Amino acid sequence: MSSELVTRSKVFGQLRRELYGDQASHPSSAHLFIILGASGDLAKKKIYPTLWWLFRDGLLPEETYFVGFARSKLNIEDIKRACLPYMKVADEERECFSAFFSKNSYLSGRYDEGNSFSQLNAHLSSLPGGTGANRLFYLALPPTVYHHVSANMRAHCMSPKGWNRVIVEKPFGRDLQSSQELSAHLASLFAENQIYRIDHYLGKEMVQNLMVLRFGNRIFGPIWNRNSVASVVLTFKEPFGTQGRGGYFDDFGIIRDVMQNHLLQMLSLVAMEKPVSTSSDDVRNEKVKVLKCVEPVAMSDVVLGQYVGDPAGEGQAKLGYLDDPTVPKGSCTPTFATAVLYVRNERWDGVPFILRCGKALNERKAEVRLQFTDVPGDIFGERCMRNELVVRVQPDEAIYLKMMTKKPGVYFSPEETELDLTYRSRYKDVNLPDAYERLILDVFCGSQMHFVRSDELREAWRIFTPLLHHIEKERTRPVPYTYGSRGPNEADELLQTKGFRYEGTYKWVKSDRS
Ligand code: NDP
Ligand code: BG6
């Protein structure tokens, strides 16, 4: 074995033990990673590049082979050409990159034809260690073909000796009923511990950090409840519109695209009780439990928006959602939504959890914000602003606590400031991995903590399905907002009526270290 391979295998072994302890044990050393839908957008932009980075960084088991499968009649050179622009290969990595592609192969076949999957299986078995290898199947496919593909995979492509794991991408259905149908179908083929439902927000550094922040510190526990928290705001903002992807987006809308999954996952990590341990099932049990305490969202607690063009947009005119030729005329699909959820349990009763998400807004940002209640018995003439704890997921990961301090110098008046943990300055030499890198590695290691369990998914759809059905049936008109703005004013008004207070006085002074 070359020294490079020995190192790679050692790193993987160490990392597995460090991260996953006993869960990491899987006897077979050969692994086959099968990408179903290898010719598609997700495969070329995300999956192949992620596999390459993991391979390059020595994080995969040494005997890993990658097999692409799709309808298109392509070869591995075509796949390589299509993925290359997204793979960021440095000059000195060329050799390693060739080694990566030498472990790749591609097969074309039909998704609805058992024979194609028998051929795929014959190919898998012919690879080194093939019949004994562990197999990871990534379904990078539109949900319309999930049924056929999963059934054919199960019937023809299971590893006879190693384990088999299936990675599924959202959308997991369109509403409670369709999602339940999909779950039942998958459950008829695979055990829950073989199914890895990806919500890539669960792979983000600061989302994973929520549990450590909450349960690894004494200071937050006692104030993390309705006695001290006035509201929790979970935000996702993007500064661009659907950009020709409107046809796909229009079928789903922002609630299904972002709120029902990414934001709700963050909510459950903020609101859940402390799990018994950090095992996947203990954590997911608590997430399900807290979701069960959330009532379906009421229409009166929602503001929907749709962006309109800005002819004077910065640099160039920005087109509105309905100007996108791939969007159906007169579409009522929301590209922005604010919704207020309540967790009816002893810890959170009465505290609004405000979920806000939108496209074509003023900035890129995802964050969790806890706004605390006023200090009782004020002695500073109402000059103290509320404390806020902000966990900024992206961009520029940070945790900051907005607080009052004595204005420095001869004064004795309170002033707004912050305790600031900016990752870029505190962890200068740390390269944070991409969410997909962590998640794919988790699948290799058999850790399901950062994947969505079927009962979690059911609860998520239960919370949003009545709202989704209502707005689709009534064709509720979203409020227009200008491309590049903060969204509709009505959303800020809703926040205000729910008790979130915005003073507009806080100014962040970037320190030299940042
Ligand atoms: P702000 O007071 O500017 O904003 C607080 C909250 O109020 C945000 O959720 C914001 O929403 C909302 N808001 C803004 N305008 C209105 C409005 N007109 N009506 C109602 N709500 C409104 O404080 P921030 O905590 O956002 O901090 C200000 C800046 O300083 C940010 O850019 C932040 O990233 C930066 N900062 C960076 C730190 C770091 O990097 N370590 C540390 C501390 C601060 P919306 O999101 O829609 O604007
Ligand atoms: C996806 C949504 O799940 O998340 C996209 O379908 C969105 O619409 C994307 O753009 C955002 O992901 P990230 O990691 O760039 O915040």
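Look a little higher up for the structure.
Let me sum up the structure you'll find in this document.

What counts, and where the lines are drawn
- Residues numbered from 1 in each chain as written.
- Chains lettered and ligands numbered in written order.
- Predicted model: local features only at pLDDT ≥ 70, side-chain atom pairs only at ≥ 80, totals over all residues.
- Heavy atoms only, no water.
- Near = heavy atom within 4 Å.
- Polar contact = N/O pair within 3.5 Å; in protein donor to acceptor, adjacent residues only side chain to side chain.
- Nonpolar A, V, L, I, M, F, W, Y, C, P; charged D, E, K, R; others polar.
- Salt bridge = Lys/Arg side-chain N within 4 Å of Asp/Glu carboxyl O.
- Buried < 20%, exposed > 50% of the residue type's maximum accessible area, 1.4 Å probe, protein only.
- Phe/Tyr/Trp six-rings, centres within 6.5 Å; stacked < 30°, edge-to-face > 60°.
- Helix = DSSP H or I, 4+ residues; strand = E, 2+ residues; numbered from the N terminus.
- Lys NZ or Arg CZ within 6 Å of the ring centre and 35° of its normal.
- Pairing = 2+ DSSP bridges.
- Axes fitted to C-alpha atoms, helices over the stretch in contact; angles between N-to-C directions.
- Contact = heavy atoms within 4.5 Å.
- Core = buried A, V, L, I, M, F, W, Y, C linked by side-chain atoms within 4.5 Å.
- Arc of directions from axis to C-beta.
- Disulfide = S-S within 2.5 Å.

**Focus on the site of ligand 2**
Around ligand 2 sit K170, H200, Y201, K204, F236, E238, R245, D257, H262, K359 and Q394, and those are all the residues in its vicinity. Between ligand 2 and K359 there is a distance of 2.8 Å, counted from an oxygen atom to a side-chain nitrogen or oxygen. Across the shell around ligand 2, the residue classes tally to two nonpolar, three polar and six charged.

**Thoughts on the pattern of salt bridges**
On inspection of all chains with the given rule, the structure shows 37 salt bridges. Among the salt bridges present, the one from R453 reaches D455, with a minimum N-O distance of 2.9 Å. For the pair shown, R453 and D455 are each scored as buried. By sharing partners, the salt bridges in this structure join K237, E363, K365, E367, R369, E388 and K402 into a single network.

**Concerning the packing of aromatic side chains**
This structure, assessed with the given rule, holds 21 aromatic pairs. Taking 6.0 Å as the distance between ring centres and 20 degrees as the angle between the ring planes, the aromatic pair formed by F33 and F444 counts as stacked. Here F444 lies in helix α12 (residues 435-445) and F33 lies in strand β1 (residues 30-36), a separation of 411 residues in the sequence. Owing to a relative accessible area of 0%, F33 belongs among the buried residues under this scheme. The structure contains a cluster of three or more aromatic residues connected by ring pairs, namely W52, F55, F66, F97, F100 and F101. The aromatic ring of W163 is capped on one face by R165, whose charged end is 3.5 Å from the ring centroid.

**Some details on the sheet that holds strand β14 (residues 414-422)**
The strand order across the open sheet built from nine strands is β14-β13-β12-β11-β7-β10-β9-β8-β15, with neighbouring strands paired in mixed fashion. Single-partner strands in this sheet number two, and they are β14 and β15 (479-482). Strand-to-strand twist across the sheet, computed as the mean angle between neighbouring axes with direction ignored, equals 20 degrees. Helix α8 (residues 205-215) rests against β11 (365-372), β12 (388-394) and β13 (398-406) of the sheet, and its axis sits at about 145 degrees to β12.

**What to know about the site of ligand 1**
Around ligand 1 there are 18 residues in total, and K365, R392, Y400, D420 and T422 lie nearest to it. A distance of 3.0 Å separates an oxygen atom of ligand 1 from a polar side-chain atom of R486. For the shell around ligand 1, the elements supplying multiple residues, two or more each, are β11, β13 and β14. Considering only residue class, the shell around ligand 1 consists of six nonpolar, one polar and 11 charged.

**As for the nonpolar core**
Counting residues in hydrophobic clusters, the biggest one holds 148 residues, and the most contacted among them are F33, L36, L341, F353 and F464. A total of 12 residues in this core trace back to one element, the largest contributor, which is helix α9 (residues 246-271). Beyond its immediate stretch of four places on either side in the chain, L341 contacts L264, L267, V294, V297, V351, P352, F353, L355, I463 and F464.

**Description of helix α4 (residues 94-102)**
Residues of α4 that are buried: C96, F97, F100 and F101. When α4 is viewed along its axis, its buried side chains cluster within an angular range of 135 degrees and face the same direction. Facing away from the buried side of α4, by more than 90 degrees, are the exposed residues E95 and S102.

**A closer look at the environment of V290**
Secondary-structure assignment places V290 in helix α10 (residues 280-292). Residues V290 and G504 lie 214 residues apart in sequence; the distance between their C-alpha atoms is 33 Å. Once residues lying within four places of it in the same chain are set aside, the contact partners of V290 are S268, A271, M272, V343 and N345.

**Remarks on the state of the cysteines**
Where two cysteines share a covalent bond between their sulfur atoms, that bond is called a disulfide. One pass over the full model with this rule turns up zero disulfides. In this model C83 remains outside any disulfide bridge; the closest cysteine sulfur is found in C96, 16 Å from its own.

Purely spatial values, then, with no claim about function.
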